[in-house]
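Breakdown of the fold
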Amino acid sequence: MPSPQLLVLFGSQTGTAQDVSERLGREARRRRLGCRVQALDSYPVVNLINEPLVIFVCATTGQGDPPDNMKNFWRFIFRKNLPSTALCQMDFAILGLGDSSYAKFNFVAKKLHRRLLQLGGSALLPVCLGDDQHELGPDAAVDPWLRDLWDRVLGLYPPPPGLTEIPPGVPLPSKFTLLFLQEAPSTGSEGQRVAHPGSQEPPSESKPFLAPMISNQRVTGPSHFQDVRLIEFDISGSSISFAAGDVVLIQPSNSAAHVQQFCQVLGLDPDQLFTLQPREPDVSSPTRLPQPCSMRHLVSHYLDIASVPRRSFFELLACLSLHELEREKLLEFSSAQGQEELFEYCNRPHRTILEVLCDFPHTAAAIPPDYLLDLIPAIRPRAFSIASSLLTHPSRLQILVAVVQFQTRLKEPRRGLCSSWLASLDPGQGPVRVPLWVRPGSLAFPETPDTPVIMVGPGTGVAPFRAAIQERVAQGQTGNFLFFGCRWRDQDFYWEAEWQELEKRDCLTLVPAFSREQEQKVYVQHRLRELGSLVWELLDRQGAYFYLAGNAKSMPADVSEALMSIFQEEGGLCSPDAAAYLARLQRTRRFQTETWA
């Protein structure tokens, strides 16, 4: 390969932007172009002034926010003191990934495009607006955009004479080679890199803290449709500290049964030890994997075999397949024309990588182990709102976890990897340790002692507000107003006794909405409207902050609509003024949301 010319930088929350970036890297290598692929926050952003050609792949999260792994880059690139000629030598293109059901569709990609132009960059193409809502997903926009991109790029950087493109059916070299060891090494033991108790350095993704689980308690009634757990960890000696609104990241593992099945289908010995050797000089081995590592450890803690495979999985699997019939089907699934069929086979029923490999047994049995890390993505950490305050529970960290389980047309129920793994852990049967670390969340609470807060948290959305209420009460702040929604008072009313105790002490005003206890469903937005005069008084006269957390589907829009009607009815504002009032609350961070899909 020639020296790196193309740089692909991604901001990814769920892994789609990373997957698209790695596809760009592969397509560049097929065209004999040197290419580096990096997360935006791991790239030294001051070096951008020396980059001739950069492709940015950016997801938009929540209410138009950048993903976590590009937040530092985002702050830097919008600094007011950057000169308007800073990027005048850079050609760039931006590929956005978003969801058109949200108001701020692909907001991050559009805003970054404008900013790079302001800094003197030259755009090769208009922004690509990938849309999750399209029946074929983002690929419907990405495929034609990439064709145009390569036409432009190869015009600027023609391949060296005599070097032709590597055809799609030929596999590219794997990123790593696995060097199998004949016997166990005499020194060193296999295990995760972890932050040890007493360490001064706060735990992180590359060095999580193995926190002892103290309790794992179901908090929904036995007849309730959903299993929700209150889980408590001991963080003594971890140097972890957090405030209300922060989140904990947990690194889950695959089930032992799935690990065994995977090893059987691929003909792997779980106890086989190996070391990883990167093929390229600028590629480093994953920090989460010990060296040497066993196949069992790799499959248990690293390979996301329970995830739904992306199109790139089928592309590589087709290249590696030696079985004519299976290869034909895999090629069909990886082609642009086969995307509807792939969606029906894979995405709609949430079929997992492990299940797909079982459906293509001849191909699975012939996968060279070197390609495992190219074929299967790494397990991503899951974020949970912290549901407790260190002021109330010193050295403890609590989370509220809804165990994800649903049925599709496949016989086996679909299960969330992390929530099912956490639910399966029982500290009553012996010590249990969970790899975790903490990062700031998107909610920040006012520090002034007499500022009231209105918190709207239906379901498990109440978790960050329990932390906030505990923290505020411990600091003597009593203006706490909680709108909580659930189905039934006796089934999923989380922390009922705790709220009632705080009400008795005049530390909390609780407004519950039980949606199924009467003929007409009653949700938090209905309760807000009923108490419209109080909400207006708190926001307009007392400078209250308003918070919203929970499911992103329709609740945030319903709550915003309720607020708009309160501003009109109680504040006497016309519709445009009510919208401007709401926008001002958002701009001044007096209206904050944390929602999840």
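Above this text sits the structure in question.
Reference entry: report on the structure contained in this document. (Residues numbered from 1 in each chain as written. Predicted model: local features only at pLDDT ≥ 70, side-chain atom pairs only at ≥ 80, totals over all residues. Heavy atoms only, no water.)

With respect to the sheet that holds strand β19 (residues 480-486)
For clarity, the cut-off: Pairing between strands is defined by DSSP: at least two bridges between the two strands are required. Helix and strand assignments follow DSSP, with helices taken as H or I runs no shorter than four residues and strands as E runs no shorter than two, numbered in order from the N terminus. A fitted line through C-alpha atoms represents every axis, and for helices the fit uses only the stretch in contact; the resulting angles, taken between N-to-C directions, go from 0 to 180 degrees.
Taken in spatial order, the five strands of this open sheet run β20-β19-β18-β21-β22, and their pairing is parallel. Edge positions in the sheet fall to β20 (509-514) and β22 (591-596), since each has one partner strand and no second. Across this sheet, the average inter-strand angle for adjacent strands is 10°, counted without regard to direction.

With respect to the nonpolar core
How we decide: Note on terminology: a nonpolar core comprises buried Ala, Val, Leu, Ile, Met, Phe, Trp, Tyr and Cys residues joined through side-chain atoms within 4.5 Å. Accessibility here uses a 1.4 Å probe with only protein chains present; expressed as a share of the type maximum, an area under 20% marks a residue as buried, one over 50% as exposed, and anything in between as partly exposed.
In terms of nonpolar packing, the biggest core is built from 42 residues, with F262, L298, L357 and L372 touching the most fellow members. Looking at this core element by element, the count peaks at seven residues for helix α7 (residues 311-320).

Some details on helix α5 (residues 256-266)
Structurally, the α-helix is built with 3.6 residues per turn, so residues lying three or four positions apart point the same way. Note the following rule: Working note: the arc is built from the helix axis to C-beta atom directions.
Listed as buried for α5 are V259, F262, C263, V265 and L266. Taken down its axis, α5 places every buried residue within 165° of arc, on the same side. Exposed residues pointing more than 90 degrees away from the buried face of α5 are listed as A256, A257, Q260 and Q264. Downstream of α5 by one or two residues, G267 has phi in the positive range, about 65°.

Focus on the packing of aromatic side chains
This is how it is decided: Pairing of aromatic rings covers Phe, Tyr and Trp, the last counted by its six-membered ring, and requires centre-to-centre distances within 6.5 Å; plane angles under 30 degrees mean stacked, over 60 mean edge-to-face, and any other angle means tilted.
Summed over all chains, the structure comprises 16 aromatic pairs. Between F56 and F73, the ring centres sit 6.0 Å apart and the planes meet at 35°, which makes this aromatic pair tilted. You can see F56 sitting in strand β3 (residues 53-59) and its partner F73 sitting in helix α2 (residues 71-77), a full 17 residues away along the chain. Both residues of the pair, F56 and F73, belong to the buried class. Between F333 and Y345, the aromatic rings sit 4.9 Å apart at their centres with planes inclined by 10°, giving stacked as the arrangement.

A few points about the packing of helix α17 (residues 532-541) against helix α18 (residues 555-569)
Quick reminder of the rule: An angle below 35 degrees is treated as roughly parallel, one above 145 as roughly antiparallel, one from 65 to 115 as roughly perpendicular, and anything else as oblique. Whether two residues touch is decided by their heavy atoms; if any such pair falls within 4.5 Å, the residues are in contact. For this scheme, ten residues count as nonpolar: Ala, Val, Leu, Ile, Met, Phe, Trp, Tyr, Cys and Pro. Four count as charged, namely Asp, Glu, Lys and Arg, and the remainder, Gly too, count as polar.
Interaxial distance between α17 and α18 falls to 9 Å at its minimum, and their mutual angle equals 85°. Here α17 lies roughly perpendicular to α18, going by the angle between them. Taken together, the residues of α18 that come into contact with α17 (itself represented by G532, V535, W536 and L539) are L563, I566 and F567. By residue class, the composition of the contact of α17 with α18 is six nonpolar, one polar and no charged.

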